[in-house]
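Understanding the architecture of this molecule
Listed here are the chains, written in short residue letters.
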Amino acid sequence: RGSYIYRYSSHGLLASLRYNARMGSYGMAENIMVDSHVWVEDPEVAWIHGVVVDIKADQATVKTNDDREVIANLSKLYIKDDEAPSEGVEDMTRLSYLHEPAVLENLATRYGLNEIYTYTGNILIAVNPFQGLPHLYDADVMEKYKEASFKELSPHVFAIGGIAYREMINEGRNKCILVSGESGSGKTETTKVLMRYLAYFGGHTAGEGRTVENQVLESNPVLEAFGNAKTVKNNNSSCFELDGVNDAEEYLATRNAMDVVGISEQEQDAIFRVVAAILHLGNIEFCKGEDADSSSLKDEQSKFHLQMTSELLMCDSHSLEDALCKRIMVTPEEVIKRSLDPLGAAVSRDGLAKTIYSRLFDWLVNKINISIGQDSNSRRLIGVLDIYGFESFKANSFEQFCINYTNEKLQQHFNQHVFKMEQGEYEKEEIDWSYVEFVDNQEVVDLIEKKPGGIIALLDEACMLPKSTPETFSEKLYQTFRDHKRFIKPKLTRSDFTLVHYAGDVRYQSDQFLDKNKDYVVAEHQDMLNASKCSFVSGLFPPLPKESSKSKFSSIGARFKLQLQQLMETLNYTEPHYIRCVKPNNLLQPTVFDNANVLHQLRSGGVLEAIRVKCAGYPTNRTFIEFLNRFIILAPEILKGEYEADVACKWILEKKGLTGYQIGKSKVFLRAGQMAELDAHRTRV
Ligand code: ATP
Ligand code: MG
């Protein structure tokens, strides 16, 4: 009965295209005959439509609209709704036939009309236009949405912002808006639009000066200036991981934004000094020193850059050179000063640059949080979360592991939410919901984070053992998870491992997991920077508490897990609203809609899963009154008698021979396609 199995194990796109797109039970096959308009799978464009010209046993021949003949099993065909409105529908759940090809066609059609927003129930799907659509966001539009109730107007980020805001104010509920999608799909842009609208909705048009609204809005350029980078997937990627950009203008805009979020002029000067120091630091090069395995500055250039770095950081240039070229070893017997070879010195240099930059970035985030958090009157909150999407590259390291772990957690939250909403609705109406199967991704979450015994725990263990290598760590994983369904040891490797994520398999290279997981600042670097005469710099490197001896190990993985737990706790006391951003093509170009690509994102973002949950149950419901208003025309005799509303609804449904629907306490729940059937009767009256 409308059951489905939730399983994503796509080996690349092709396999995922073969994924069975069944969504709920329509008895499709029985309704397909010669002349039926259908969708059939296609390796190029995912789904193509055509007309059935012949049926033999369970094989149909379909003449596609590009004039080819394709033979396919009847069970693999989907009926195409001939009467679907040519401009598409604003809410996918309004599709008469809610299946994968229809969903895709709807998005593509709307995208072609510059309608980039579409609902799936309460989830907003936003397809990146890759071009400015200013009319979408101007003041009139904001005003219109402010006046309207949810779903009264076309789908829009403003509608999501509006309902979150209203429910927060009117019902005192905490809210969060989760904006997700792969890199370049438009999360940050969407978040910015949303924040601007929330500031506007809150009754404060973004004016001049340091209002909380402005601080929130201006926090973006500050974080972007320091956190973003151009990547292959996105020219302005939020990496916290250019031509045609005016540096001077951007610099002024950044300075202005820093003013607004409350960074003082002295602090700003110090920040830019630190950034300049990092740039000089990166230019220092090393050559072999006088002693074996030692290093010294390569040339006059390098000496100049060292001098500049130390002046900008206001620390002693000899200490800086020592900190780069030497390492102090503390053994139980003695303290040894050891020289580093040129390669070791370069690693030390890069480590120092990374440490300073990450401390600086943490400082900025902290500063912004304090400056925004000043508004002590606010007891309710709307959190807006812009998160990096699932990543799967040719080579995947610890960063991808952390990102995908986050996505697993958020996907779980999403699944639970969609499922709970659906179930909650049915329970409230006291109807049966036992048919909804739900397969959770708890298994893979446990595999990663379980304590003890999960991958993060095993990685920490390996980091604490002095003799660990990537191979010993991986060997431990292979042994521990030999029989785990979500873990695969790829052939012919001693250090790679594959995880079966909800969005597909990802093969990780464990070579750098141990190094990247170790979170420590070299003691020499710490001491030198702590001694800086610039209070800003020394403040970034406060003295370490006594007990944290050098050998004590602190792990990035464990810290990441903790932060994620805190985030999930915050999410759990808020009510979520979801925006799923979709990148329509990898060329980053307007008007190009690449079906296979979009389909992959809809699957891995859980959009199809949400639809499937809906379809397996009762995708359409109407209150008794709504239902009667629409369909009383099918049984006007009702008007003559005195019937309870539920009895009247049932009368109509039985008269038209429908089965499988349910009558709740205040609403009629229809199976997939039944609304369309009733509408068809109505047009015939
Ligand atoms: P990452 O995960 O790499 O940070 P992202 O999802 O945050 O990526 P954005 O930086 O928001 O992606 O968007 C990438 C680009 O797409 C933007 O620089 C902009 O050019 C374009 N874009 C996104 N959304 C819109 C929109 N609503 N209108 C116009 N252009 C947009
Ligand atoms: Mg971003």
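Since we're looking at a predicted model, the values are computed, not measured. Every chain is numbered on its own, with residues counted from 1 as its sequence reads. Note on labels: chains are lettered from A, ligands numbered from 1, in written order. Local features are withheld for residues below a pLDDT of 70 in this predicted model, meaning they are given only at 70 or higher, and side-chain atom pairs are given and counted only at 80 or more; totals for whole chains, interfaces and linings count all residues. In computing side-chain properties, one takes all heavy atoms of the structure into account and sets aside hydrogens as well as water.

Focus on the overall build of the protein
For the record, the criterion: Only DSSP runs of H or I with at least four residues qualify as helices, and only runs of E with at least two residues qualify as strands; both kinds are numbered from the N terminus onward. Each residue gets one of three labels from its accessible area relative to the maximum for its type: buried under 20%, exposed over 50%, partly exposed in between, using a 1.4 Å probe on protein chains only. The Shrake-Rupley method, run with a 1.4 Å probe sphere, supplies the accessible areas, and residue values consider only the shown protein chains as cover.
When its secondary structure is counted, the protein shows 25 helices and 22 strands. Per-residue burial for the protein yields a buried fraction of 49% across its 685 residues. Accessible area for the protein stands at about 34,300 Å²; split by element, carbon and sulfur atoms hold 51% of it.

Things to note about the sheet that holds strand β5 (residues 78-79)
The condition that has to hold: In this scheme, strands are said to pair when DSSP sees at least two bridges between them.
With antiparallel pairing, 5 strands are arranged side by side in an open sheet as β4-β3-β2-β1-β5. Among the strands making up the open sheet, the edge pair consists of β4 (69-73) and β5.

Re the pairing of strand β6 (residues 117-120)
Side chains of β6 alternate between two faces, with Tyr117 and Tyr119 and Thr118 and Thr120 buried alike. The antiparallel hairpin formed by β6 and strand β7 (residues 123-127) contains 2 residues in its connecting segment, where Gly121 sits at a positive phi of about 60°.

Re the nonpolar core
Stated precisely, the cut-off is as follows: The term nonpolar core refers to a set of buried residues drawn from Ala, Val, Leu, Ile, Met, Phe, Trp, Tyr and Cys, joined through side-chain atoms within 4.5 Å. Residues are treated as being in contact if the distance between any of their heavy atoms lies within 4.5 Å.
Membership of the largest hydrophobic core comes to 51 residues, with the highest contact counts inside it found for Ile579 and Leu602. For this core, the leading source of residues is helix α5 (residues 157-171), giving 7 residues. In this view, Leu602 contacts Val103, Leu104, Leu107, Ile125, Val582, Val607 and Leu608; residues no more than four positions away in its chain are not counted.

Things to note about the pairing of strand β2 (residues 46-56)
The pairing of strand β1 (residues 37-42) with β2 spans 6 bridges and is antiparallel. Looking at the pairing, Asp42 lines up with Ala46 of β2. Counted between consecutive antiparallel strands, the loop separating β1 from β2 contains 3 residues.

Things to note about the side chain of His577
Selection rule: Polar contacts, as used here, are pairs of N or O atoms within 3.5 Å; protein pairs need one atom able to donate a hydrogen and one able to accept it. Residues neighboring in sequence count only if both atoms are side-chain atoms.
Here His577 is to be found in strand β19 (residues 575-582). For His577, the side chain forms a polar contact with the side chain of Lys175, separated by 3.1 Å. The residues contacting His577, other than those within four sequence positions of it, are Ile160, Ile163, Ala164, Glu167, Lys175, Cys176, Ile177 and Leu178.

Observations regarding the state of the cysteines
As used here, a disulfide is simply a covalent bond connecting the sulfur atoms of two cysteines. The line we're drawing: Disulfides are defined as pairs of cysteine sulfur atoms found within 2.5 Å of each other.
Summed over all chains, the structure comprises 0 disulfides. The thiol sulfur of Cys176 is not disulfide-bonded, and the nearest other cysteine sulfur, from Cys581, lies at 15 Å. For Cys287, which is in no disulfide, the shortest distance to another cysteine sulfur is to Cys325 and amounts to 9.2 Å. For Cys287, a relative accessible area of 25% gives the class partly exposed.

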